[in-house]
Amino acid sequence: MSHKARRAGAFASAGMLLSLLFAVDGSGANAQTSGGLPPPIVAVDLVSAGVQAAAAPERQIRFVASPVVQEVPEDFTPLEPVIRPREYSSLPDLVAATPHEGELAGDLRCLAQAIYFEARGEPLAGQLAVARVVVNRSASGIFPADYCSVVTQRAQFSFVRGGQIPSADERSAAWQRAVRVARIAHQDLWPSDVGDALFFHADHVRPRWANRKIARATIDRHIFYR
């Protein structure tokens, strides 16, 4: 090939390269797409265009993923104590491990008051059964939907007078147990023999409605019905 031909080929290759580069870059008005994004990257084969490119050094790109961990504040406390019943082999063990301190929400206080006034002299299983009836009623769709309204409903609990719950001795061990049992029943942390019972009465009376109900269990001095 002559010298002139080689020069012409070089100019032609350079011209092709420039046209390709301008096609990639575009003008200032059209350098971005309508969505405000940069134009797509177009690969240019310099060797095919007749231009010898210097070999770029090989580089390896590594992406290192590290977990983002948000620290828990030192003063963080959950709204209700976190209790794991599987760690305990009996109801008394769970009750002993359940905290009674702290402010009680109104609804939970009404549940503890029902346990205290109805069953504070009974074994823990009997106290849990009374609590279970209150919880079952609130979830039944038949009775009021909150514990306080269930407990103060007219003609339901004998310790309620004029829709008011009397004050408990909150310094007593009986009250502390009632609070613990209320928390266990509210969080459904331990099963009760009364299951889905909605009614109960003392064993020394026989109300007329009892003949129309299904007996679930007898625990200490109370009989429970569905």
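Scroll up to find the structure.
As the structure is a computational prediction, the values presented were derived from the model and not from experiment.

What counts, and at which threshold
Each chain has its residues counted from 1, running along the sequence as written. A pLDDT threshold of at least 70 governs which residues receive local features in this predicted model, and a stricter bar of 80 or more applies before side-chain atom pairs are shown or counted, although totals over entire chains, interfaces and linings include all residues. Side-chain numbers here rest on the full set of heavy atoms in the structure, without hydrogens or water. Only DSSP runs of H or I with at least four residues qualify as helices, and only runs of E with at least two residues qualify as strands; both kinds are numbered from the N terminus onward. How far a helix is expected to stretch is found by multiplying one less than its residue total by 1.5 Å. For each residue, the accessible area found with a 1.4 Å probe, counting protein chains only, is set against the maximum for its type, and the residue is called buried under 20%, exposed over 50%, and partly exposed in between. Any two of the Phe, Tyr and Trp rings considered here, Trp counted by its six-membered ring, make a pair once their centres fall within 6.5 Å; the pair's planes then place it as stacked at under 30 degrees, edge-to-face at over 60, or tilted in between. Criterion for a charge above a ring: Arg CZ or Lys NZ at most 6 Å from the ring centre, at most 35 degrees from the ring normal. Of the two site types, the cavity is a set of points on a 1 Å grid over the protein atoms alone where a 1.4 Å probe fits but cannot get out, and the pocket is an open set with protein on both sides within 12 Å along at least five of seven lines, each lined by residues with an atom within 4 Å of a point. Grid points are joined across faces, edges and corners, and a volume is the space filled by probe spheres set on the points. Any residue that is not Ala, Val, Leu, Ile, Met, Phe, Trp, Tyr, Cys, Pro, Asp, Glu, Lys or Arg is counted as polar, Gly included; the first ten are nonpolar and the last four charged. Note on disulfides: each one is a pair of cysteine sulfur atoms within 2.5 Å. DSSP-based pairing: two strands are paired if at least 2 bridges between them are found. Geometry is summarised by axes, namely lines fitted to C-alpha atoms with helices restricted to the contacting stretch, and by angles between N-to-C directions that run from 0 to 180 degrees. Two residues qualify as a contact provided that any one of their heavy atoms is within 4.5 Å of a heavy atom in the partner residue.

(A) Main features of helix α4 (residues 124-140). Its 17 residues give α4 an end-to-end C-alpha distance of 24 Å, which sits within 8% of 24 Å, the value for a rise of 1.5 Å per residue. Counting buried residues along α4, 14 of its 17 residues qualify, which places the element largely inside the surrounding structure. Positive phi shows up at glycine 141, right after α4, with a value of about 80 degrees.

(B) Region of interest: the packing of aromatic side chains. Inspection of the entire model under this criterion finds nine aromatic pairs. Taken together through their ring pairs, the aromatic side chains of Tyr116, Phe117, Phe157, Phe159, Trp175, Phe200 and Phe224 make up a single cluster. Lying over the aromatic face of tyrosine 116, arginine 120 brings its terminal NZ or CZ to 4.5 Å of the ring centre.

(C) Structural detail: the layout of surface pockets. Taken as a whole, the largest pocket holds about 380 Å³ of empty space. Along the wall of the largest pocket there are 17 residues; nearest its centre are Glu118, Gln156, Phe157, Phe200 and His201. Of all the secondary-structure elements, those providing two or more residues to the lining of the largest pocket are α3 (106-119), α4 and β1 (199-202). Examining the composition of the lining of the largest pocket, we find that four residues originate from one element, β1, more than from any other. Taken together, the residues of the lining of the largest pocket break down into 11 nonpolar, four polar and two charged.

(D) The state of the cysteines, seen in detail. This structure, assessed with the given rule, holds one disulfide. Across the disulfide, cysteine 110 is cross-linked to cysteine 148 (sulfur-sulfur distance 2.0 Å). For the disulfide bridge between cysteine 110 and cysteine 148, the dihedral angle about the S-S bond is near 90 degrees, and by the sign convention the bridge is right-handed. Placement of the pair is cysteine 110 in helix α3 and cysteine 148 in helix α5 (residues 147-151), with a sequence separation of 38 residues.

(E) Layout of the sheet that holds strand β2 (residues 215-219). Read across the open sheet, the three strands follow the order β1-β3-β2; overall the sheet is antiparallel. The open sheet has two edge strands, β1 and β2, and neither has a second partner. Neighbour-to-neighbour, the strand axes of this sheet turn through a mean angle of 20 degrees, independent of strand direction. Strand direction decides the pairing type here: β1 and strand β3 (residues 222-225), joined by four bridges, are antiparallel. What sits directly across from phenylalanine 199, in β3, is tyrosine 225. Here α4 sits on the sheet and contacts β1, β2 and β3; the angle it forms with β1, its principal contact strand, is near 140 degrees.

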